[in-house]
Amino acid sequence: MTEIMISEYELELRRVFLDETSQSLQDCEQCFLALESSPENPELIENIFRLAHNIKGNANAVGFIHLGAFTHVLESYLLKIRTGEIKIDANSVNLLLRCNDQIIAIVTALRTDHSSQFDTSELQEELRSYLSGTPILPPVQVTPESLDLSFNTVLDPMQEV
């Protein structure tokens, strides 16, 4: 594979992008958490959308195309939230937080190696499922606590139930 040489100026742009993106991700996380208590707050949704849009565009501009592509799908999801086509609930906030964690992992790795690659296909598939109107919901976990396993009542075999 041929390695593309980039100038010191381009390296500096990438470093600045990674620093700014780290701050944006912290801001995003705070907005996502605030959405849980204020799901209809248009200002929060607008801030998140703007931050994702900036990360997408700037990632593409500095050559982090994979990050730009992932954030593009996230931005499409956020647009549907912004227009009210997708409602904010615990599942959507959880998905947003997982996307934020994924972007944090990507940015962290890119700080060390600008050619780092990531498999974001699972999260992208989940985002696209919401975009298509058929969300993939997380599996329901059955625990002993969620089942009523109490047999405190002893039935008399002669008694009608």
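Residues numbered from 1 in each chain as written. Predicted model: local features only at pLDDT ≥ 70, side-chain atom pairs only at ≥ 80, totals over all residues. Heavy atoms only, no water.

A. Focus on the environment of Ser92. In this fold, Ser92 is placed in helix α4 (residues 90-112). Judged by relative accessible area, Ser92 falls into the buried class, the value being 0%. In this structure Ser92 touches Tyr77, Lys87 and Tyr130, once residues within four positions along its chain are discounted. Here Asp89 takes part through its backbone nitrogen, which lies 2.7 Å from a polar atom of the side chain of Ser92. (Helix = DSSP H or I, 4+ residues; strand = E, 2+ residues; numbered from the N terminus. Buried < 20%, exposed > 50% of the residue type's maximum accessible area, 1.4 Å probe, protein only. Contact = heavy atoms within 4.5 Å. Polar contact = N/O pair within 3.5 Å; in protein donor to acceptor, adjacent residues only side chain to side chain.)

B. Representation of the pattern of salt bridges. What the rule picks out here adds up to seven salt bridges. Put simply, Arg98 and Glu126 hold a salt bridge, and the shortest N to O gap is 2.6 Å. Of this pair, Arg98 sits in helix α4 while Glu126 sits in helix α5 (residues 121-131), and the two are 28 residues apart along the sequence. What you see here is one network of salt bridges that share partners, running through Glu8, Glu12 and Arg15. (Salt bridge = Lys/Arg side-chain N within 4 Å of Asp/Glu carboxyl O.)

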